[in-house]
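# A look at the structure
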Amino acid sequence: MYKTLHTDLTDNILTVTINRPDKLNAINKDVMSELSEAVTEIYDNKEIRSAIITGAGPKAFVAGADIAEFLGLTQEQGQALSAKGHDIFFRIASCPKPIAAAINGFALGGGLELAMACHFRLCSTNAKFGQPEVNLGLIPGYGGTQRLVQLVGKGRAIEIMLSARMVSATEAHVMGLVNYIVEEQNELLAKTRELLSIINDKAPVAVARIIECANIAAGESLADDGGAVRNGFLREQEAFGECFGTEDMKEGAKAFLEKRKAVFTGK
């Protein structure tokens, strides 16, 4: 059914595995398109009560986006790319069925943004988190500037995004970015399933309303009423696109692909 995803439905829990281990499960156009289809399945399939999103292999959940696809994009195309990611990740965050991220390694850039769109997160001890887009002359483009602030606070979030540093599993747990650390990586999915199985025993309508009300409290409401929080997400899309109009973004992407240090000029 899918080329870049593997899905398994067992005991009313759909496990969605991003299956590009040779690319550290980086998000490309195909992954994004198929992830959208999988999210629709979660919404529509009555047999699914909850879901897990994870990555294939022991190294990465999702180690960011496929940077090669960024080269040559115009400002308008960059903004459209951001808008598409926002739409899919909003649907994850707004899903009335709980969606958990099982983070089995690197969760960087778009990978961390995907994890943060999920309702809660569990990780293995080798997990690493970060929003390193600034190294490419970019900003997080799939909701990261908003959700990281919501989860860890403004000061921590800004420091993590501006420094582009990686955060360990322990630090992520302390700051509230993840709910649980699982000591043995091969037990990560089992622990996540165990937690979702407890939730699956609860009343579905009550579960859905808790998610809805918690999202409103966190500023995740999808109602486009012109409110400041919703505008924060919209402004991120615009700013992400603006970065594609800069020479620094082109230099950052090229330097990444050429495995060298970028030289930014502010243009």
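First, a word on scope: everything that follows refers to the structure included in this document.

Rules of the game
- Residues numbered from 1 in each chain as written.
- Predicted model: local features only at pLDDT ≥ 70, side-chain atom pairs only at ≥ 80, totals over all residues.
- Heavy atoms only, no water.
- Helix = DSSP H or I, 4+ residues; strand = E, 2+ residues; numbered from the N terminus.
- Buried < 20%, exposed > 50% of the residue type's maximum accessible area, 1.4 Å probe, protein only.
- Contact = heavy atoms within 4.5 Å.
- Areas by Shrake-Rupley, 256 points an atom, 1.4 Å probe, with all protein chains shown as cover.
- Lys, Arg positive; Asp, Glu negative; His and termini not counted.
- Charge placed at Lys NZ, Arg CZ, Asp CG, Glu CD.
- Axes fitted to C-alpha atoms, helices over the stretch in contact; angles between N-to-C directions.
- Parallel < 35°, antiparallel > 145°, perpendicular 65-115°, else oblique.
- Salt bridge = Lys/Arg side-chain N within 4 Å of Asp/Glu carboxyl O.
- Pairing = 2+ DSSP bridges.
- Disulfide = S-S within 2.5 Å.
- Phe/Tyr/Trp six-rings, centres within 6.5 Å; stacked < 30°, edge-to-face > 60°.

### Focus: the overall build of the protein chain
Secondary structure assignment for the protein chain yields 10 helices and 10 strands. Dimensions of the protein chain along its principal axes, counting C-alpha atoms only, are 55 × 40 × 40 Å. Buried positions account for 49% of the 267 residues belonging to the protein chain. Pairs at least 24 apart in sequence give 73% of the contacts found in the protein chain among residues at least 6 apart. Summing over all exposed atoms, the protein chain offers an accessible surface of approximately 12300 Å²; the carbon and sulfur share of this is 54%. Taking the 28 positively charged and 33 negatively charged side chains of the protein chain as two groups, their mean positions are separated by 2 Å.

### Describing the packing of helix 2 (residues 75-94) against helix 3 (residues 110-117)
Where helix 2 meets helix 3, the closest approach of the two axes is 8 Å, and the angle between their N-to-C directions is 30°. Put simply, helix 2 runs roughly parallel to helix 3. Residues Phe89, Ile92 and Ala93 of helix 2 pack against Gly110, Glu113, Leu114 and Ala117 of helix 3.

### Looking at the side chain of Arg91
Looking at the secondary structure, you find Arg91 in helix 2. An unpaired buried charge is present at Arg91: no salt bridge exists, and Asp87, the closest side chain of opposite charge, is 4.6 Å distant.

### Observations regarding helix 10 (residues 247-257)
Residues of helix 10 that are buried include every one of Asp248, Met249, Glu251, Gly252, Ala253 and Ala255, and no others. Positive phi appears at Lys259, one or two residues downstream of helix 10, with a value of about 55°.

### Re the environment of Phe244
Relative to the elements of secondary structure, Phe244 occurs in the loop between helix 9 (228-243) and helix 10. Contact partners of Phe244, with chain neighbours within four places excluded, come to Phe70, Leu73, Thr74, Gln75, Gly78, Leu138, Met249 and Lys250.

### Thoughts on the sheet that holds strand 10 (residues 180-182)
Across the sheet, six strands lie side by side as 1-2-3-5-7-10; this open sheet has mixed pairing. Each of the sheet's edge strands pairs with one partner strand only, and the pair in question is strand 1 (5-10) and strand 10. The average undirected angle you get between the axes of adjacent strands in this sheet is 20°. Sheet contacts for helix 1 (residues 29-44): strand 1, strand 2 (13-18), strand 3 (50-55) and strand 5 (99-103); angle to strand 2, the most-contacted strand, approximately 180°.

### With respect to the state of the cysteines
In total, this model carries zero disulfides according to the counting rule given. We note that Cys95 lacks a disulfide partner, and the nearest cysteine sulfur, in Cys118, lies 10 Å from it. For the unlinked cysteine Cys123, the closest cysteine sulfur is that of Cys118, found at 13 Å. Judged by relative accessible area, Cys123 falls into the buried class, the value being 0%.

### Points about the packing of aromatic side chains
Per the stated rule, a full pass over the model turns up five aromatic pairs. An angle of 85° between the planes, with centres 6.3 Å apart, marks the rings of Phe70 and Phe240 as edge-to-face. Of this pair, Phe70 sits in the loop between strand 4 (60-62) and helix 2 while Phe240 sits in helix 9, and the two are 170 residues apart along the sequence. The exposure classification of Phe70 matches that of Phe240, with both residues buried. Centroid distance Phe240 to Phe244: 5.2 Å. Interplanar angle 65°. Geometry classified as edge-to-face. This pair shows no difference in class: Phe240 is buried, exactly as Phe244 is.

### Quick look at the pattern of salt bridges
Close approach of charged atoms allows side chains of opposite charge to pair. Tallied over the entire structure, the rule returns seven salt bridges. Here Asp11 makes a salt bridge to Arg193, at a shortest N to O gap of 3.7 Å. One end of the pair, Asp11, is in the loop between strand 1 and strand 2; the other, Arg193, is in helix 7 (residues 188-200), and 182 residues separate them in sequence. Close ionic contact of Arg20 with Asp66 constitutes a salt bridge, the shortest N to O distance being 3.8 Å. Of this pair, Arg20 sits in the loop between strand 2 and helix 1 while Asp66 sits in the loop between strand 4 and helix 2, and the two are 46 residues apart along the sequence. Asp66 gets classed as partly exposed once you look at its relative accessible area, which sits at 21%. Bridged by salt links that share partners, the residues Glu159, Arg165 and Glu171 form one connected network.

Geometry only, nothing functional implied.
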